[in-house]
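Each chain, written out:
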Protein chains: 2
Amino acid sequence: MTDKTLRVALIQQGCGDNREDNLERSIQAIREASAQGARLVLLQELHTSLYFCQCEDTGQFDLAESIPGPTTDRLGQLARELDLVIVASLFERRAAGLYHNTAAVLERDGALAGIYRKMHIPDDPGFYEKFYFTPGDLGFTPIDTSVGRLGVLVCWDQWYPEAARLMALAGADLLLYPTAIGWDPRDDRDEQARQREAWVTIQRSHAIANGIPVLAANRCGHESDPSGHTEGIEFWGNSFACGAQGEILATAAQEEAILIADLDLAHSEDVRRIWPYLRDRRIDAYEELTLRYRD
Amino acid sequence: MTDKTLRVALIQQGCGDNREDNLERSIQAIREASAQGARLVLLQELHTSLYFCQCEDTGQFDLAESIPGPTTDRLGQLARELDLVIVASLFERRAAGLYHNTAAVLERDGALAGIYRKMHIPDDPGFYEKFYFTPGDLGFTPIDTSVGRLGVLVCWDQWYPEAARLMALAGADLLLYPTAIGWDPRDDRDEQARQREAWVTIQRSHAIANGIPVLAANRCGHESDPSGHTEGIEFWGNSFACGAQGEILATAAQEEAILIADLDLAHSEDVRRIWPYLRDRRIDAYEELTLRYRD
């Protein structure tokens with residue numbers, strides 16, 4: 001362990017319909033992570049509630065809260081008590097009719113270091129996020145903390161190399177993805193395996209393309225569909241940490257886990273010297289990345 | 001096999017210093033691929049020569065040839081005879097002092113369907129490509145053929161998600177990477193494993209991010225360093241084909257190989273319906289991808 005080694009913890013939990021219980025279990029897991037020496041803790045997406053986007057229900061907006069607000073206050077106090085940085089994922093109420101899927105970063109002194117509002121919003125059967133979440137308007141801006149400049153992104157963002165690249169170009173030391181992704185239980189095992197493998201692969205690729213570590217904390221457990229129309233979602237867990245070459249450092253199974261990994265932040269400098277991708281980008285030829293389609 | 005199934009072949013070969021022999025062996029391999037039913041053949045990077053970029057030597061420019069030229073003429077005749085499409089990788093002499101690393105696509109009727117000039121040029125010890133290859137000036141433009149719209153890229157391009165995305169946005173049905181990548185024999189086994197795994201992972205990620213298959217044909221065998229300063233390069237082979245979810249369809253080992261895979265091009269449409277990434281790109285927030293760094 002060098003000065004540039006950062007011990008991180010990823011909290012993978014199952015959630016129920018009692019918000020206080022969910023949050024209390026997040027807090028207990030953070031305490032355990034601290035006891036194991038973690039200085040940065042990443043929580044999964046929307047860790048204080050069920051994944052409520054399985055159907056469109058205006059009543060679910062009651063779950064949203066302001067940021068700063070009661071949950072960031074509690075997690076800020078905890079960050080200060082334990083002397084570590086916490087990345088939480090919350091349902092933000094910004095105004096009546098204006099809600100975001102927001103990650104909040106709590107500094108070791110308890111302050112709110114910054115927030116990131118999910119930029120890419122999915123919408124698929126069982127994942128009706130476009131109903132709930134206004135697309136983020138803060139751009140791809142990393143958040144400075146005492147443990148490094150954090151490139152915090154959220155779930156669906158993980159499929160977009162553009163998001164990872166913009167964070168890296170802004171100096172992010174690592175990328176962090178709170179996530180809630182799972183299977184439709186009706187898909188066969190081969191399809192499920194392809195989906196999980198693709199999810200791991202695309203995030204490892206962001207580490208490789210940018211020469212920085214990546215952390216992904218996912219939800220686990222089965223949650224039923226309130227509408228009763230489907231068999232619900234089986235969140236696949238599998239939270240992982242990888243290094244600057246995309247090499248897997250630690251992986252969780254499908255059960256609840258506190259996943260510990262030691263990141264060697266000095267390694268990024270070495271990796272970027274042998275794989276100097278930033279040097280050779282053809283920025284003169286990338287303009288049409290801002291087009292919807294080149295037709 | 002449906003109408004949208006495309007049988008492809010990737011030729012992985014070791015090369016010597018006799019160009020005619022290298023080309024003749026490429027041709028024999030294409031004949032074997034045709035006998036196995038391939039309708040599209042991808043050759044590795046610079047398949048008619050040793051990988052001559054291990055040192056900077058003006059004499060090596062004698063290897064360059066015009067396009068169209070003698071090699072595209074021969075491969076065009078072969079494409080017509082065998083009724084298949086060939087993607088070759090050649091050292092292009094465009095003018096005195098102006099050379100490119102260029103992929104040429106030969107249509108089933110023998111015509112030159114188009115060329116792609118390598119856009120991203122590496123330069124590392126043992127891979128002095130910036131000395132030999134002028135950066136491409138044709139942009140990221142796929143090439144239309146009778147077997148589909150081909151997103152042909154070359155080697156170092158494979159580390160750039162921007163290149164893959166621009167090809168996909170221009171309607172590429174698949175991505176093809178002729179490659180010459182290998183290990184420094186002085187690196188330890190763990191480092192070698194990380195490098196090869198990263199190379200596979202980043203290319204699979206382009207399939208995933210864009211919902212289209214990817215083909216990568218790599219060189220194999222050891223080539224010594226003409227300067228005698230290093231232990232040369234151990235090209236790692238491992239050519240592979242993956243589908244639109246990044247799932248591996250076929251992989252070669254380190255030895256010479258004619259790798260056959262059946263691509264289900266109709267599957268891309270299905271994959272993009274369940275993973276509609278193109279729908280949700282935040283093109284309003286990607287402008288700074290054209291910056292060298294966001295500082």
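Shown above is the structure to which this text applies.
Conventions and cut-offs
Residues numbered from 1 in each chain as written. Chains lettered and ligands numbered in written order. Predicted model: local features only at pLDDT ≥ 70, side-chain atom pairs only at ≥ 80, totals over all residues. Heavy atoms only, no water. Helix = DSSP H or I, 4+ residues; strand = E, 2+ residues; numbered from the N terminus. Rg over C-alpha atoms; globule rule 2.2 N^0.38 Å. Buried < 20%, exposed > 50% of the residue type's maximum accessible area, 1.4 Å probe, protein only. Contact = heavy atoms within 4.5 Å. Areas by Shrake-Rupley, 256 points an atom, 1.4 Å probe, with all protein chains shown as cover. Lys, Arg positive; Asp, Glu negative; His and termini not counted. Charge placed at Lys NZ, Arg CZ, Asp CG, Glu CD. Axes fitted to C-alpha atoms, helices over the stretch in contact; angles between N-to-C directions. Left-handed = near helix turned anticlockwise from the far one by under 90°. Nonpolar A, V, L, I, M, F, W, Y, C, P; charged D, E, K, R; others polar. 1 Å grid on protein atoms, 1.4 Å probe; cavity = no way out; pocket = protein on both sides within 12 Å on 5 of 7 lines; lining within 4 Å. Points joined across faces, edges and corners; volume = space filled by probe spheres on them. Pairing = 2+ DSSP bridges. Right-handed = clockwise from strand over helix to strand, strands pointing away. Core = buried A, V, L, I, M, F, W, Y, C linked by side-chain atoms within 4.5 Å. Salt bridge = Lys/Arg side-chain N within 4 Å of Asp/Glu carboxyl O. Polar contact = N/O pair within 3.5 Å; in protein donor to acceptor, adjacent residues only side chain to side chain.

1. Description of the overall build of chain A
Regarding its fold elements, chain A presents 7 helices and 15 strands. The C-alpha radius of gyration of chain A comes to 18 Å, within 12% of the 19 Å expected for a compact globule of 295 residues. Projected onto the principal axes, the alpha-carbon positions of chain A cover approximately 55 × 55 × 40 Å. The proportion of buried residues among the 295 residues of chain A is 62%. Summarising the internal contacts of chain A: among those between residues at least 6 apart in sequence, 68% fall at separations of at least 24. Counting every atom, chain A has about 10700 Å² of accessible surface; 46% of that belongs to carbon and sulfur. Measuring between centres, the 29 positive side-chain charges of chain A sit 5 Å from its 47 negative side-chain charges.

2. What about the packing of helix α4 (residues 161–169) of chain A against helix α4 (residues 161–169) of chain B?
Helix-helix packing: each pair is described by the crossing angle between the helix axes and the interaxial distance. At a closest axis distance of 10 Å, the pairing of α4 of chain A and α4 of chain B adopts a crossing angle of 145°. Pair α4 of chain A / α4 of chain B crosses with left-handed handedness. For the pair α4 of chain A and α4 of chain B, the contacting residues are Pro161, Glu162 and Arg165 of chain A in the first and Pro161, Glu162 and Arg165 of chain B in the second. In terms of residue class, the contact of α4 of chain A with α4 of chain B is made up of 2 nonpolar, no polar and 4 charged.

3. Some remarks on empty space enclosed by the protein
One way to see where empty space is left: roll a probe the size of a water molecule over the atoms. The full count for this structure, using the stated rule, is 4 cavities of 30 Å³ or more. Estimated volume of the largest cavity: approximately 80 Å³. Pro161 and Ser205 of chain A together with Pro161, Ser205 and His206 of chain B are, among the 15 residues lining the largest cavity, the residues nearest its centre. Elements with a contribution of two residues or more to the lining of the largest cavity: α4 and α5 (189–210) of chain A together with α4 and α5 (189–210) of chain B. At 5 residues, α5 of chain B tops the list of elements feeding residues into the lining of the largest cavity. Within the lining of the largest cavity, the residues separate by chemical class into 7 nonpolar, 6 polar and 2 charged.

4. Considering the pairing of strand β1 (residues 5–12) of chain A
All names here are of chain A. In terms of residue burial, β1 counts as a mostly covered element, since 7 of its 8 residues are buried. Pairing geometry for β1 and strand β15 (residues 257–264), over 8 bridges, is antiparallel. Of the residues in β15, the one forming a bridge with leucine 10 is leucine 259. Bridge count between β1 and strand β2 (residues 40–43): 4 bridges; the pairing is parallel. Counterpart to alanine 9 in the pairing with β2 is valine 41. At this point the chain moves from β1, through helix α1 (residues 19–35), to the parallel β2, and the crossover so formed is right-handed.

5. Focus on the sheet that holds strand β10 (residues 214–218) of chain B
Residues and elements named next belong to chain B. In spatial order, the strands read β6-β7-β8-β10-β13-β14; together these 6 strands make up an open sheet with mixed pairing. The sheet is open, and its two borders are formed by β6 (143–145) and β14 (248–251), each paired with just one other strand. Neighbour-to-neighbour, the strand axes of the sheet open up by a mean angle of 20°, direction not taken into account. Relative to strand β8 (residues 174–179), strand β7 (residues 148–152) runs parallel, the two being bridged by 3 bridges. Of the residues in β8, the one forming a bridge with leucine 150 is leucine 174.

6. Thoughts on unusual backbone geometry
Look at the link from isoleucine 67 of chain A to proline 68 of chain A: it is a cis peptide, with omega at 0°. In this fold, proline 68 of chain A is placed in the loop between β2 and α2 (70–82). In the Ramachandran plot, cysteine 155 of chain B falls in the positive-phi region, its phi being about 40° despite a non-glycine side chain. For cysteine 155 of chain B, the location among the structural elements is in the loop between β7 and α4. Phi angles above zero are rare outside glycine, and asparagine 238 of chain B is one such case at about 65°. When you line up the elements, asparagine 238 of chain B lands in the loop between β12 (233–236) and β13 (240–242).

7. Section: the pairing of strand β3 (residues 85–95) of chain B
Successive residues of a regular strand alternate their side chains across the two faces of the sheet. Residue and element names in this part refer to chain B. The buried fraction of β3 amounts to 8 of the 11 residues, a majority that puts the element mostly inside the structure. Sheet topology note: the strand β2 (residues 40–43)/β3 ladder contains 3 bridges and is parallel. Paired with valine 41 across the strands is isoleucine 86, a residue of β3. Note: β3 against strand β4 (residues 98–106), 9 bridges, orientation antiparallel. Its bridge partner lying in β4, leucine 90 is registered against threonine 102. With antiparallel pairing between neighbouring strands as the criterion, β3 and β4 make up a hairpin whose turn holds 2 residues, including glycine 97 at a positive phi of roughly 80°.

8. Brief notes about the nonpolar core
Among the nonpolar cores identified, the biggest contains 124 residues, and Leu40, Trp159 and Leu215 of chain A together with Leu40, Leu150, Trp159 and Leu215 of chain B are the most heavily contacted of them. Contact partners of tryptophan 159 of chain A, with chain neighbours within four places excluded, come to Ile181, Ala198, Trp199 and Ile202 of chain A together with Arg165, Ile208, Ala209 and Tyr277 of chain B.

9. Structural notes on the interface of chain B and chain A
Chain B puts 56 residues into the contact, and the matching count from chain A is 56 residues. Put simply, chain B and chain A have 8 salt bridges between them. Across the pair arginine 204 of chain B and glutamate 197 of chain A runs a salt bridge, and its minimum N-O distance is 3.2 Å. Applying the counting criterion to the chain B and chain A interface returns 37 residue pairs in polar contact (both at pLDDT 80 or more). Elements represented by at least two residues in the side of chain B that touches chain A include exactly α4, α5, α6 (265–274) and α7 (277–280) of chain B. Among the residues making up the side of chain B that touches chain A, the classes are represented as 29 nonpolar, 8 polar and 19 charged.

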